[in-house]
Amino acid sequence: MEIKELEKVEQGVYARVTQLGHEQVVFCYDEPTGLKAIIAIHNTVLGPALGGTRMWNYANEQEALTDVLRLSRGMTFKASISGLNLGGGKAVIIGDAGKMKTEAFLRRFGKFVNSLGGKYYTAEDVNMKTADMEYISMETRYVTGLPESMGGGGDPSPVTAYGVYMGMKATAKKVFGGDNLAGKKIGVQGVGQVGAHLVEYLVKENAKVFITDIADAKVKSLAQQYGVTGVDGDSFYDLDMDIYAPCALGATVNDETISRLRCSMIAGAANNQLKDELKHGYKLLDHRIVYAPDFLINAGGLINVYNEYLGNYNRERVFQQAEKIYDTCLSILNVAEREKISSQEAAIQLAEKRIAEMALIRTSR
Ligand code: NAD
């Protein structure tokens, strides 16, 4: 459902929480530190809800609630489709990350996480760093995304990038008849932690890579390092490209951009790429653009923290698990084609099917 659609519905908190099927939403407030956070637990059929904490200066509380409800639901699907025994959850902290984060603030948040007794595990997300997780971990053991020095899995971005690369290759196989990306014109939008790693994989495979980012310095540095072409953000959507890889923000696949895009497929790391999950999934079908479902192909980061949560973290095993994204992606694209439904819908159906089956196992003797 589109964000605006959700916001404009005038309804109480309970109606909003039940609309997307959430189990529990916790509103946290601590006066001395000024902490205001919302923890949303969407579904715990498969296991404890795991999802990062995002700190953002939301325009209002409704926006924060919308964000945490959508993101936590996405985590449920991501864990399910990746075959992980995890549920979906997410937390948002309302406020300016540059000004409000102190040791006390973060540890107070850790106490709130701890109060849920392991029903929710947190991790890093936008504006939350590994160092913040260290403070949170002083108050709770229900935290992942810790540095390698503390027995954690460290930076998840390389694994996320590898999973996206696998999903891109699988989609290319479906679209072009082969998964070799050599010579393919690929536009990577956003060359941050994930995008930059992805570019490295693509260059190694001799793809023709175009990059764009609002941070000019990143574009310049990567262009120099890999000999890729920097492109202006405004003209990016009109580029003659075979593959569009959104690796910056969500909602970049919308009415305006779909009519401009000339690519044959979309595969990238950003969360919630389709502005309206249903409408734009089908609009892409009409435009004959094959879409690799974002929550499936960007699951490498979750696979990474899942392994940390299980214990005995092993980086090699993590990459092997992320490699499976290739097969899952290809099979979903085949189902979507056969059933004549959007790939996003096919992916959600598969994720929901596993949850429904596991729920039955739980109750059967
Ligand atoms: P990041 O912040 O390191 O990189 C994002 C990049 O996008 C930055 O370089 C930023 O300058 C650029 N950007 C922002 N707005 C832009 C715009 N309008 N046009 C072009 N560039 C723009 O983040 P990341 O960790 O690389 O994650 C990228 C995306 O993938 C995010 O949407 C994130 O939610 C998603 N994701 C990341 C992970 C992970 O492991 N890091 C896992 C799953 C999903």
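Residues numbered from 1 in each chain as written. Predicted model: local features only at pLDDT ≥ 70, side-chain atom pairs only at ≥ 80, totals over all residues. Heavy atoms only, no water.

## Observations concerning the overall build of the chain
The following threshold applies: To qualify as a helix, a DSSP run of H or I must reach at least 4 residues; to qualify as a strand, a run of E must reach at least 2; elements of each kind are numbered from the N terminus. Atoms counted for the radius of gyration: C-alpha only. Globule rule: 2.2 Å times the number of residues to the power 0.38. Any residue under 20% of the maximum accessible area for its type is buried, any over 50% is exposed, and the rest in between are partly exposed; the area is computed with a 1.4 Å probe on protein chains only. We call two residues contacting when some pair of their heavy atoms lies within 4.5 Å. Note on charges: Lys and Arg go in the positive column, Asp and Glu in the negative column, and His and the chain ends are not counted at all. Charge positions are represented by NZ for Lys, CZ for Arg, CG for Asp and CD for Glu.
Tallying secondary structure elements over the chain gives 16 helices and 12 strands in all. A compact globule built from 365 residues would reach a C-alpha radius of gyration of about 21 Å, and the chain, at 20 Å, matches this within 12%. Viewed in the frame of its principal axes, the chain has a C-alpha envelope of about 55 × 50 × 45 Å. Per-residue burial over the chain gives 54% buried out of 365 residues. A fraction of 66% describes how many contacts in the chain between residues 6 or more apart in sequence connect residues 24 or more apart. Each charge class in the chain can be summarised by its mean position, and for the 41 positive and 44 negative side chains these summaries are 3 Å apart.

## Points about the site of the ligand
We count it as follows: Only heavy atoms are used to decide nearness, and a residue is near a molecule or strand if one of them lies within 4 Å of it. Under the rule applied, a polar contact is a pair of N or O atoms within 3.5 Å (in protein, one hydrogen donor and one hydrogen acceptor; residues adjacent in sequence only if both atoms are side-chain atoms). Residue exposure ignores everything except the shown protein chains as possible cover, and the areas themselves are Shrake-Rupley values with a 1.4 Å probe.
As a structural note, the neighbourhood of the ligand is formed by 18 residues, with Thr160, Val194, Asp213, Lys218 and Ala248 the closest of them. The side chain of Asn271 places a nitrogen or oxygen atom 3.1 Å from an oxygen atom of the ligand. Protein coverage of the free-state accessible area of the ligand, which is 820 Å², stands at 75%. Of all the elements in the fold, those that place two or more residues in the shell around the ligand are helix H7 (157-176) and helix H8 (193-204).

## Here's the deal with the nonpolar core
In plain terms, the rule: To qualify as a nonpolar core, a set must consist of buried Ala, Val, Leu, Ile, Met, Phe, Trp, Tyr and Cys residues joined through side-chain atoms within 4.5 Å.
Counting 85 residues, the largest nonpolar core has Ile39, Phe109, Met168, Val188, Leu202 and Ile211 as the members making the most contacts within it. Sorting elements by how many residues they give to this core places H7 first, with 9 residues. Ranked by size, the runner-up nonpolar core spans 16 residues in total, among them Val253, Leu274, Leu284 and Tyr291.

## A look at the sheet that holds strand E12 (residues 290-291)
Test applied: Strand pairing is assigned whenever DSSP identifies at least 2 bridges connecting the two strands.
Spatially, 6 strands are ordered E9-E8-E7-E10-E11-E12 in an open sheet, and the strand pairing comes out parallel. Because the sheet does not close on itself, it has two edges, and the strands there are strand E9 (229-230) and E12. In the sheet, strand E7 (residues 185-189) pairs with strand E8 (residues 208-212) via 5 bridges, with the strands oriented parallel. The residue bridging Val188 from the neighbouring strand is Ile211, located in E8.

## Section: the layout of surface pockets
Applied cut-off: With a 1 Å grid laid over protein atoms only, a set of points is called a cavity when a 1.4 Å probe fits there but cannot get out and a pocket when it is open yet has protein on both sides within 12 Å along at least five of seven lines; lining residues have an atom within 4 Å of a point. Grid points are joined across faces, edges and corners, and a volume is the space filled by probe spheres set on the points. Classification convention: Asp, Glu, Lys, Arg as charged; Ala, Val, Leu, Ile, Met, Phe, Trp, Tyr, Cys, Pro as nonpolar; all other residues, Gly among them, as polar.
Taken as a whole, the second largest pocket holds about 310 Å³ of empty space. Only H7, helix H11 (277-286), E12 and helix H15 (325-339) provide two or more residues apiece to the lining of the second largest pocket. Looking at the lining of the second largest pocket residue by residue, the classes come out as 9 nonpolar, 3 polar and 4 charged.

## Regarding the environment of Leu360
Among the secondary structure elements, Leu360 is positioned in helix H16 (residues 343-363). The class for Leu360 is exposed, based on a relative accessible area of 57%.

## Things to note about the domain arrangement of the chain
Under the convention used in this document: Domain start and stop positions are those given by an automatic or database domain assignment.
Each assigned domain of the chain is listed with its residue range as follows: domain 1 (3-72 + 87-143) and domain 2 (157-299 + 326-352). In this structure, domain 1 and domain 2 have C-alpha centres spaced 28 Å apart.

## Thoughts on helix H6 (residues 130-137)
Residues that lie three or four places apart on an α-helix share one face, since the helix turns once every 3.6 residues. Worth spelling out the cut-off: The arc refers to the directions leading from the helix axis to the C-beta atoms.
Restricting attention to buried positions, one finds in H6 the residues Asp132, Met133, Ile136 and Ser137. For H6, the buried positions fall inside an angular range of 140° around the axis, keeping them on one side. Where H6 is buried, its residues touch helix H5 (103-115).

## Here we look at the pattern of salt bridges
The test is simple: The working definition used for a salt bridge is a side-chain nitrogen of Lys or Arg within 4 Å of a carboxyl oxygen of Asp or Glu.
Enumeration according to the criterion identifies 20 salt bridges in this entry. The partner of Asp132 in a salt bridge is Lys101, with the nearest N and O atoms 2.6 Å apart. Here Asp132 is found in helix H6, whereas its partner Lys101 is found in the loop between helix H4 (97-100) and H5, with 31 residues between them in sequence. The closest approach of N and O atoms between Glu337 and Lys174, which form a salt bridge, is 2.7 Å. One end of the pair, Glu337, is in helix H15; the other, Lys174, is in helix H7, with 163 residues separating them in the sequence. For Lys174, a relative accessible area of 26% corresponds to the partly exposed category. Within this structure, Arg54, Asp67, Lys90 and Asp125 form a network of salt bridges that share partners.

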